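Architecture at a glance
One-letter residues, chain by chain:
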2 protein chains.
Amino acid sequence: MAASWSELMLSKLVGRCNNFFQPGSSRAMCKPFLVDGQQVGWVWPGVEKHIQRFPDVFMVEEKQVSLCPSLQTYEERTARVQEVMLRLREEGDFIALKGWRDEMYDVFHQRSSPPVFRMERTATALLGVKQYGVHVNGYVEHPQKGPLMWIGRRAKNKSTYPNKLDQVTAGGFTAGLTVQEVLVKECAEEANIPQDIALTAQPAGAISYFYEDERGLFPEIQFVFDLKLPLDFQPVNTDGEVSEFYLWDMDKVKEQIAQPDFKPNCAMVVLDFLIRHGHVHPDQEPRYLQFLENLHKTLF
Amino acid sequence: MAASWSELMLSKLVGRCNNFFQPGSSRAMCKPFLVDGQQVGWVWPGVEKHIQRFPDVFMVEEKQVSLCPSLQTYEERTARVQEVMLRLREEGDFIALKGWRDEMYDVFHQRSSPPVFRMERTATALLGVKQYGVHVNGYVEHPQKGPLMWIGRRAKNKSTYPNKLDQVTAGGFTAGLTVQEVLVKECAEEANIPQDIALTAQPAGAISYFYEDERGLFPEIQFVFDLKLPLDFQPVNTDGEVSEFYLWDMDKVKEQIAQPDFKPNCAMVVLDFLIRHGHVHPDQEPRYLQFLENLHKTLF
């Protein structure tokens, strides 16, 4: 018997998006990674054995790994971590570092306080540092067909999740930008959504989840926005990252997000939309509370 | 200097609604409470020493407390737990049992599977059993004033949180009812909202949090609904549980939920509404992610 939509969806949420919390994950072997005594990430054993060769940058102890307390400033920490990561990249042992993007990523204790250092985005997976992004649900209210959602298909040459289904636009943070600035930038680049429309997007919360794969650890938080687009608006990709856009009704969208074709974290963002907008009902969906639990994991 | 709204709100969420996760809580001294090998609650030391006098109902071990495996059926378990709770009520040692309601409450492994037994509602706090409820945000879209929300003030003679501010309607589950049935029942009883209007309420997720007080442990999950009411609708209390209703704009509502006058879990439900509807922006609210984390705790 084919698995039901509920079971497929739950399996994607638990077994894929939150696999770091599952039995058999590397969680039990990882050590907290601290800066100034506060955890900002996790270090897995494969990384630990490499970074302990740099004792003037990383202090490896029995139960934790810290950035050396001698590194006091944002600039010093950034420079020294970057040296280590460039060296590891040269040595070629880490898949994640082959995807080097020359894109700097801020590391925070709390996003509301100043960052403690910044590092190459692809390298964050080696230190299990929280990644933040902005995802936009682009939808229209069709007078006859009801709500419809724009879904993008990622380009075949994207380095991550090529050819998978995705939000109308989404993007990770680069150091120094506000949530709103990332939103406007990604709307323009990925879907040619003009700034005046992008600025009408409504913040609707955030989802959080933690997975691991062959590249490393991914504790992620995605700020979620709903953007009601004009009926006659046609998204057009301008940066080569999306190959096609579809406009689907909610039944089709719901069906698709449980399939392997849909990028897992983007499927979560859509599921959150469906729940917030009443397209999933607690009396009809046996996994309702488990879905919510997996959309809102406490990362550390 | 007066504390800011953000800090007052966060302090309510962390220090009150989720105090079970704070240092100094009884968490470290509590034992998981299991039925059929699966955790359904927590037992704190004050309760443990009493229930271990009933070894044919509760099996107290070093690291856990279980319902005796000899109790196999829903009926048997319900009857034997009830005997113990009635006995403890007679003995008069527990504040929670003074509020006995003669209202039976289902205990679940997962809400999607059949309940494993049922027990008096006020006694659930002694076994740290998850409590489920339904909260309804009643709002209107005023053509000039924008969105307004109905807020109730609880009656002065309510046994819990008398005279505090509250949702337009909210209620706990009684055994055997669906979410929708609880919603319709509470809408009628607390605010005289007719069934045809109540059924237009839109499910919008759930919040989860875990607090303790002098009565015991409260891991709670509240299903959240948004109900757009007609402009000329006036809620009227019919069961004596609400003394007054107010219709406030979002700025006033936001200001009030951080105050001690607002029932803590109801303040969380409103905060979740404000976040979902874009009345709080991640770039302007430094505690945005901490709010979300505290609205969605993993209970056990």
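Residues numbered from 1 in each chain as written. Chains lettered and ligands numbered in written order. Predicted model: local features only at pLDDT ≥ 70, side-chain atom pairs only at ≥ 80, totals over all residues. Heavy atoms only, no water.

For chain A, an unreviewed UniProt entry supplies the name Nudix hydrolase 24, chloroplastic-like and the organism Branchiostoma floridae.

Here's the deal with the relation of the copies chain B and chain A
Relative to chain A, chain B is turned by 180° and slid 0.0 Å along the rotation axis, the superposed coordinates differing by an RMSD of 0.0 Å. One copy is carried onto the other by what is essentially a two-fold rotation axis. Within chain B, B:His296 has its C-alpha nearest the rotation axis, a separation of 3.0 Å. Here 100% of the interface residues in chain B have copies in chain A that are interface residues too; the copies meet face to matching face. (Least-squares fit on C-alpha atoms with pLDDT ≥ 70 in both. Contact = heavy atoms within 4.5 Å.)

Overview of the interface of chain B and chain A
If you look at the interface, chain B gives 32 residues, while chain A gives 32 residues. Counting the contacts that link chain B with chain A gives zero salt bridges. Between the two partners, chain B and chain A, sit twelve residue pairs in polar contact (both at pLDDT 80 or more). Listing elements by their share of the side of chain B that touches chain A, those giving two or more residues are helix H5 (179–191), strand E11 (202–213), strand E12 (216–228), helix H8 (264–276) and helix H9 (288–295) of chain B. (Salt bridge = Lys/Arg side-chain N within 4 Å of Asp/Glu carboxyl O. Polar contact = N/O pair within 3.5 Å; in protein donor to acceptor, adjacent residues only side chain to side chain. Helix = DSSP H or I, 4+ residues; strand = E, 2+ residues; numbered from the N terminus.)

Thoughts on the UniProt feature "domain: Nudix hydrolase" (unreviewed entry) in chain A
Annotation from UniProt places "domain: Nudix hydrolase" (unreviewed entry) at residues 131–272 of chain A. In the segment residues 131–272 of chain A, helix accounts for 24% and strand for 42%; the C-alpha atoms at its two ends are 19 Å apart. (UniProt positions renumbered as here; feature names shortened; annotations may be inferred.)

What to know about empty space enclosed by the protein
For the structure shown, the criterion picks out five cavities of 30 Å³ or more. Computed from the structure, the largest cavity encloses a volume of approximately 130 Å³. Lining the largest cavity are 16 residues, with A:Asp272, A:Arg276, A:His296, B:Asp272 and B:His296 positioned closest to its centre. Secondary-structure elements contributing two or more residues to the lining of the largest cavity are strand E11 (202–213) and helix H8 (264–276) of chain A together with E11 and H8 of chain B. Partitioned by chemical class, the residues of the lining of the largest cavity number eight nonpolar, four polar and four charged. As a volume, the second largest cavity reaches approximately 50 Å³. Every residue along the wall of the second largest cavity is listed here: A:Val40, A:Val107, A:Phe108, A:His109, A:Val129, A:Lys130, A:Tyr132 and A:Phe300. Across the lining of the second largest cavity, the residue classes tally to six nonpolar, one polar and one charged. (1 Å grid on protein atoms, 1.4 Å probe; cavity = no way out; pocket = protein on both sides within 12 Å on 5 of 7 lines; lining within 4 Å. Points joined across faces, edges and corners; volume = space filled by probe spheres on them. Nonpolar A, V, L, I, M, F, W, Y, C, P; charged D, E, K, R; others polar.)

Looking at unusual backbone geometry
Residues and elements named next belong to chain B. The backbone phi angle of Asn163 is positive, close to 70°, even though this residue is not glycine. You will see that Asn192, though not glycine, has its phi angle at about 55°, which is positive. Take Asn192: it is sitting in the loop between H5 and helix H6 (195–198).

Considerations on the pattern of salt bridges
All names here are of chain A. In this structure the tally under the stated criterion is 30 salt bridges over all chains. Lys158 is paired through a salt bridge with Glu241; the nearest N and O atoms lie 2.7 Å apart. In this pair, Lys158 is assigned in the loop between strand E8 (146–154) and strand E9 (165–166) and Glu241 in the loop between strand E12 (216–228) and strand E13 (242–249), connecting sequence segments 83 residues apart. Under the relative-accessibility criterion, Glu241 is labelled partly exposed at 27%. For Asp272, the salt bridge is made with Arg276, and the minimal N-O distance between the two is 2.9 Å. Linking Asp272 with Arg276, this pair stays in helix H8, spanning four residues, or about one helical turn. For Asp272, a relative accessible area of 7% gives the class buried. (Buried < 20%, exposed > 50% of the residue type's maximum accessible area, 1.4 Å probe, protein only.)

Considerations on the sheet that holds strand E2 (residues 38–43) of chain B
All names here are of chain B. Taken together, the four strands give an open sheet; going across it, the order is E2-E1-E4-E3, and neighbouring strands pair in mixed fashion. If you trace the sheet from one side to the other, it starts and ends with E2 and strand E3 (58–60), each paired once. Taken pair by pair, the neighbouring strands of this sheet meet at an average axis angle of 25°, ignoring direction. Taken together, the three bridges between E3 and strand E4 (residues 65–67) define a ladder with antiparallel strand orientation. Within E4, the residue paired with Val60 across the bridge is Val65. (Pairing = 2+ DSSP bridges. Axes fitted to C-alpha atoms, helices over the stretch in contact; angles between N-to-C directions.)

Considering H5(B)
Residues and elements named next belong to chain B. Under the 1.5 Å per step criterion, the end-to-end length of H5 is 18 Å for 13 residues, consistent within 8% with the ideal 18 Å. Taken together, the buried positions of H5 are Val179, Val182, Leu183, Val184, Glu186, Cys187, Glu190 and Ala191. Those residues of H5 that are buried are in contact with strand E7 (131–142), strand E10 (169–172), H6, E12 and strand E13 (242–249). Just downstream of H5, Asn192 is the residue with a positive phi angle, here 55°. (Expected span 1.5 Å × (residues − 1).)

Let's talk about the packing of helix H1 (residues 5–17) of chain A against H8(A)
All names here are of chain A. Packing of H1 against H8 brings their axes to within 10 Å, and their N-to-C directions diverge by 125°. As summarised for this structure, H1 and H8 are arranged oblique, according to the angle between their axes. Note on packing geometry: the crossing formed by H1 with H8 is left-handed. From H1, Trp5, Met9, Lys12, Leu13, Arg16 and Cys17 reach across to H8, where they touch Pro264, Asn265, Ala267, Met268 and Leu271. (Parallel < 35°, antiparallel > 145°, perpendicular 65-115°, else oblique. Left-handed = near helix turned anticlockwise from the far one by under 90°.)

Here we look at the pairing of E10(B)
Residues and elements named next belong to chain B. Residue alternation in E10 divides its side chains into two sets, Thr169 and Gly171 and Ala170 and Gly172, and both sets are buried. Judged from the four bridges that link them, E7 and E10 form a sheet pairing that is antiparallel. Bridging across to E10, Val134 finds its partner in Gly171.

Considering the sheet that holds strand E1 (residues 31–35) of chain A
Residue and element names in this part refer to chain A. Taken in spatial order, the four strands of this open sheet run E2-E1-E4-E3, and their pairing is mixed. Taken across any chain shown, the strands that pair with only one partner, and hence form the sheet edges, are strand E2 (38–43) and strand E3 (58–60). Adjacent strand axes in the sheet meet at a mean angle of 25° when their direction is disregarded. Bridge count between E1 and strand E4 (residues 65–67): two bridges; the pairing is parallel. In the strand pairing of E4, Phe33 is matched with Val65. Taken strand by strand, helix H3 (residues 74–91) contacts E1, E3 and E4, and its axis lies near 70° from that of E3.

Overview of the environment of A:Leu227
Residues and elements named next belong to chain A. On the secondary structure map, Leu227 appears in strand E12. The buried category is assigned to Leu227, whose relative accessible area is 0%. C-alpha separation for the pair Leu227 and Val168, spaced 59 residues apart in sequence, amounts to 9.7 Å. Leu227 has contacts with Val136, Asn137, Gly138, Tyr139, Cys187, Ile193, Ile197, Ala198, Thr200 and Ala201, leaving out every residue within four places of it along the chain.

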